[in-house]
Amino acid sequence: DAGVTQSPTHLIKTRGQHVTLRCSPISGHKSVSWYQQVLGQGPQFIFQYYEKEERGRGNFPDRFSARQFPNYSSELNVNALLLGDSALYLCASSSTGGNQPQHFGDGTRLSIL
Amino acid sequence: RKEVEQDPGPFNVPEGATVAFNCTYSNSASQSFFWYRQDCRKEPKLLMSVYSSGNEDGRFTAQLNRASQYISLLIRDSKLSDSATYLCVANPQYNFNKFYFGSGTKLNVKP
């Protein structure tokens, strides 16, 4: 079975642009979470979606938004990109989004010039 | 104060050694705990869940101490392939996956 898949793998943008990152969860998983990981730090929680509804939001500005589609795939959108948005963006899925462990995709490495 | 704190290391140990990492969490309401391993420039991979009664998976043993709010990971008979960063995770909510990650502890196993 396929794991969590993310696209694109790498992305280079300039300040002020916007970006859309995509994620497909493990088949049968209904919960998707997004994390940002900068070098030397652990992943930081951005959003969780379950059954197409936002269940949680981390301490990120409104420039960050996300949604989940009927097939449980998800998009993360970031507007007005800043240099500090350069990071590895990780998507994770779990079956119900409660206490179960999450399984991560390979991530999208975003570089802002 | 960070939700989850770990010693960044690095821990440099010879093959065959036993090594232990601790991790403290600040939210006493935290419901579930996990250890993930992350190789350089790769995604975190689930190593094991941490149960109240402690659990063991081969050479790996995880313990939870709710009174002192820490979890531990013990690796016995270290292998070169165990070299990685180990991330401690606490989930303070029962009903959704808002994982708080520590910054990770780096382990280098040397021949």
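The coordinates are above.
Being a predicted model, the structure only gives us computed values, none of them experimental.

Conventions we followed
Residues numbered from 1 in each chain as written. Chains lettered and ligands numbered in written order. Predicted model: local features only at pLDDT ≥ 70, side-chain atom pairs only at ≥ 80, totals over all residues. Heavy atoms only, no water. Helix = DSSP H or I, 4+ residues; strand = E, 2+ residues; numbered from the N terminus. Rg over C-alpha atoms; globule rule 2.2 N^0.38 Å. Buried < 20%, exposed > 50% of the residue type's maximum accessible area, 1.4 Å probe, protein only. Contact = heavy atoms within 4.5 Å. Areas by Shrake-Rupley, 256 points an atom, 1.4 Å probe, with all protein chains shown as cover. Lys, Arg positive; Asp, Glu negative; His and termini not counted. Charge placed at Lys NZ, Arg CZ, Asp CG, Glu CD. Pairing = 2+ DSSP bridges. Axes fitted to C-alpha atoms, helices over the stretch in contact; angles between N-to-C directions. Polar contact = N/O pair within 3.5 Å; in protein donor to acceptor, adjacent residues only side chain to side chain. Core = buried A, V, L, I, M, F, W, Y, C linked by side-chain atoms within 4.5 Å.

*Asks:* Before we go on, may I ask you to explain the overall build of chain B in this structure?
*Replies:* For chain B, the helix and strand inventory stands at zero helices and 11 strands. The helix and strand sequence of chain B, counted from the amino end, reads β-β-β-β-β-β-β-β-β-β-β. Taking 111 residues into account, the globule formula puts the C-alpha radius of gyration at 13 Å, and chain B, at 13 Å, falls close to it. Counting only C-alpha atoms and orienting by the principal axes, one finds that chain B spans roughly 45 × 30 × 20 Å. Going through the 111 residues of chain B one by one, you find that 49% of them count as buried. A separation of at least 24 residues holds for 58% of the contacts in chain B among residues at least 6 apart in sequence. As displayed, chain B offers around 5400 Å² of accessible surface, 48% of which is attributable to carbon and sulfur atoms. A distance of 4 Å separates the average location of the 13 positive side-chain charges in chain B from that of its 10 negative side-chain charges.

*Asks:* Can you walk me through the sheet that holds strand β1 (residues 4-6) of chain B in this structure?
*Replies:* Pairing between the strands of a sheet is mediated by backbone hydrogen bonds and can be parallel or antiparallel. Residue and element names in this part refer to chain B. If you walk across this open sheet you meet the five strands as β1-β3-β8-β7-β6, and the pairing is antiparallel. Lying at the two open borders of the sheet, with one neighbouring strand each, are β1 and β6 (55-57). Looking at each pair of strands side by side, their axes are set apart by 20 degrees on average, direction ignored. When strand β7 (residues 60-65) meets strand β8 (residues 70-75), the two strands line up antiparallel, connected through six bridges. From the neighbouring strand, L64 faces β8, where its bridge partner is I71.

*Asks:* Even after reading the chapter, I still don't get the pairing of strand β4 (residues 31-37) of chain A, so can you show me in this structure?
*Replies:* On a regular strand, one side chain projects to one face of the sheet and the next to the other, so that they alternate. Residues and elements named next belong to chain A. Taking burial as the measure, the seven residues of β4 include seven buried ones, the bulk of the element. Judged by which residues are buried, β4 turns out to be covered on both faces: S31, S33, Y35 and Q37 on one side and V32, W34 and Q36 on the other are all buried. By the bridge criterion, six bridges tie β4 to strand β5 (residues 44-50) in an arrangement that is antiparallel. Paired with Y35 across the strands is F45, a residue of β5. Bridge count between β4 and strand β9 (residues 87-94): seven bridges; the pairing is antiparallel. Within the sheet, the bridge partner assigned to W34 lies in β9 and is C91.

*Asks:* Got a minute to help me understand the environment of R22(A) in this structure?
*Replies:* Residues and elements named next belong to chain A. Structurally, R22 is set in strand β3 (residues 19-24). Look at R22 and you get partly exposed, because its relative accessible area is 42%. Sequence spacing of R22 and T108 is 86 residues, and the spatial spacing of their C-alpha atoms is 8.8 Å. Side-chain polar atoms of R22 contact the side chain of E75, separated by 3.5 Å.

*Asks:* Even after reading the chapter, I still don't get the nonpolar core, so can you show me in this structure?
*Replies:* Where a protein is soluble and globular, its nonpolar side chains tend to be buried together. Counting 23 residues, the largest nonpolar core has F21(B), W35(B), I71(B), L73(B), I75(B), Y86(B) and L107(B) as the members making the most contacts within it. At the level of secondary structure, the elements contributing two or more residues to this core comprise β3 (19-25), β4 (32-38), β5 (45-50), β7, β8, β9 (84-91) and β11 (105-110) of chain B. Beyond its immediate stretch of four places on either side in the chain, F21(B) contacts F11(B), W35(B), I71(B), S72(B), L73(B), I75(B), Y86(B), T105(B) and L107(B). Core analysis: the second largest hydrophobic core is formed by 22 residues, C23(A), I26(A), L76(A) and L81(A) among them.

*Asks:* What's the story with the sheet that holds strand β7 (residues 64-68) of chain A in this structure? I'm lost.
*Replies:* Residues and elements named next belong to chain A. With antiparallel pairing, four strands are arranged side by side in an open sheet as β1-β3-β8-β7. One side of each edge strand has no neighbouring strand; the edge strands of this open sheet are β1 (5-7) and β7. Each strand axis lies, on average, 15 degrees off the axis of its neighbour in the sheet, ignoring direction.

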